[in-house]
Amino acid sequence: GSIGKDGYRHYMEKELHEHPLVIGQTLQRMVDPASRRVILPDLPFNLAEVPRAVITACGSAFFAGMIGRYWLEEIARLPVDIDVASEMRYRNPPLTEGSVGLLISQSGETADTLAALRSLRQKAIHIVSVLNVEHSTMARESDVVLGTVAGPEISVASTKAFTAQLTVLACFAIATARARGKLDVLAEEHLVSALLDLPSRAAEVFNQTDAIRAMAQVVVEARDVLYLGRGSMFPVAMEGALKLKEISYIHAEAYAAGEMKHGPISLIDRTVPIVATAPSNALFEKTLSNLQEAKARGGRLLVFTDTKGAERVSAIAEQMVVLPHVHDFVAPILQTIPVQMLAYEVAVMKGTDVDQPRNLAKSVTVE
Ligand code: G6P
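Model, not experiment: these values are computed from the prediction.

**Regarding the environment of Met 215**
As for its placement among the helices and strands, Met 215 is situated in helix H10 (residues 209–219). Each C-alpha atom, one on Met 215 and one on Lys 308, is 20 Å from the other, the two residues being 93 residues apart in sequence. Excluding anything up to four places from it in sequence, Met 215 contacts Leu 302, Gln 319, Val 321 and Leu 342.

**Section: the site of the ligand**
Near the ligand lie 16 residues; those nearest to it are Gly 59, Ser 105, Gln 106, Ser 107 and Thr 110. A total of 3 residues in the shell around the ligand trace back to one element, the largest contributor, which is helix H3 (residues 59–76). Looking at side-chain class alone, the shell around the ligand contains 6 nonpolar, 9 polar and 1 charged residues.

**Considerations on the packing of helix H11 (residues 233–248) against helix H14 (residues 331–350)**
Between H11 and H14, whose axes approach to 9 Å, the crossing angle comes to 20 degrees. If you check the angle between H11 and H14, you find them roughly parallel. Of the two elements, H11 crosses H14, and the hand of that crossing is right-handed. On H14, the residues that touch Met 233, Val 236, Glu 239, Gly 240, Lys 243, Leu 244, Ile 247 and Ser 248 of H11 are Pro 332, Gln 335, Thr 336, Val 339, Gln 340, Leu 342, Ala 343, Val 346, Ala 347 and Lys 350. Of the residues contributing to the contact of H11 with H14, the split by class is 10 nonpolar, 5 polar and 3 charged.

The rules behind the values
- Residues numbered from 1 in each chain as written.
- Predicted model: local features only at pLDDT ≥ 70, side-chain atom pairs only at ≥ 80, totals over all residues.
- Helix = DSSP H or I, 4+ residues; strand = E, 2+ residues; numbered from the N terminus.
- Contact = placed C-beta atoms within 7 Å.
- Near = placed C-beta within 6 Å.
- Nonpolar A, V, L, I, M, F, W, Y, C, P; charged D, E, K, R; others polar.
- Axes fitted to C-alpha atoms, helices over the stretch in contact; angles between N-to-C directions.
- Parallel < 35°, antiparallel > 145°, perpendicular 65-115°, else oblique.
- Left-handed = near helix turned anticlockwise from the far one by under 90°.

Okay, structure coming up:
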């Protein structure tokens, strides 16, 4: 049957509010409740012997893949190559046989991602697809499907499928780390606990709706917006900039905060707001000093942080949104939610067609 909006203004708003639920459902599929350990479906290859990973996807799913790369490198110490599928399919990169290919797609039908899947398969890469539609073309052509349990996503701009993709990728990184002998039982328990804690922490993000709307009042007046983040928060910034462009038609660009001084800093003045994602992690101080540089040039700072970072951020930011402090490993999942909400609130203020933005399609099945 048809799916309603359940009293929300748009499907996108409804789906944003489903983040806690879909993270929980996806974890139920991937974590054994008794042992609190990650479980993967049977793999037709030995994860311990995989020499490298190659990740590819389009749109938001690609940014999920970028966060997946940080996790695989950091906890599993696995070398990762990553590119958007429209490049990967023609790049002809030298790949090591027996590597794992992680293909990420909500629909499982995106033409470029499917073509990349086929080209990796020809190179004897094991195809592990992270898919929301489990009866899709990509599902049929994969060795293994890791399902994101997000349910149907109607809004063209992806929201809940993205956090579900991240949840699956985090679990896959944990399983890979364990298989490679990089994670002992205690360390795994620690990471899994942080994941299991996420649905409740994600529900708390909605207490910040007013603060997000206050940020949106600034963004809605802008013609250009600069999004900044470092480390795993850089792809979160990219996701935020993409969402803003897609549904509010305001130009946004995401930059690794440390790279800003090599270019975009010349754009900064009062008319170009800076949206930064800066929870109190290992790169917090570095990010803050980049933000100081922007502020010194007249930049207006709109900052997403957490309870531990709030005091430092409040000293420099014009607006801030304070999220619960969570383990660094899962912070990109939590920090994505308010960044997507900001784009939504700006689009609503502008009165755009939020669920069906012009020129975009939910699933792009042509090249
Ligand atoms: C379209 C949508 C994006 C989505 C991308 C990839 O461009 O507008 O929201 O991220 O396709 O779609 P997929 O189904 O492969 O995740």
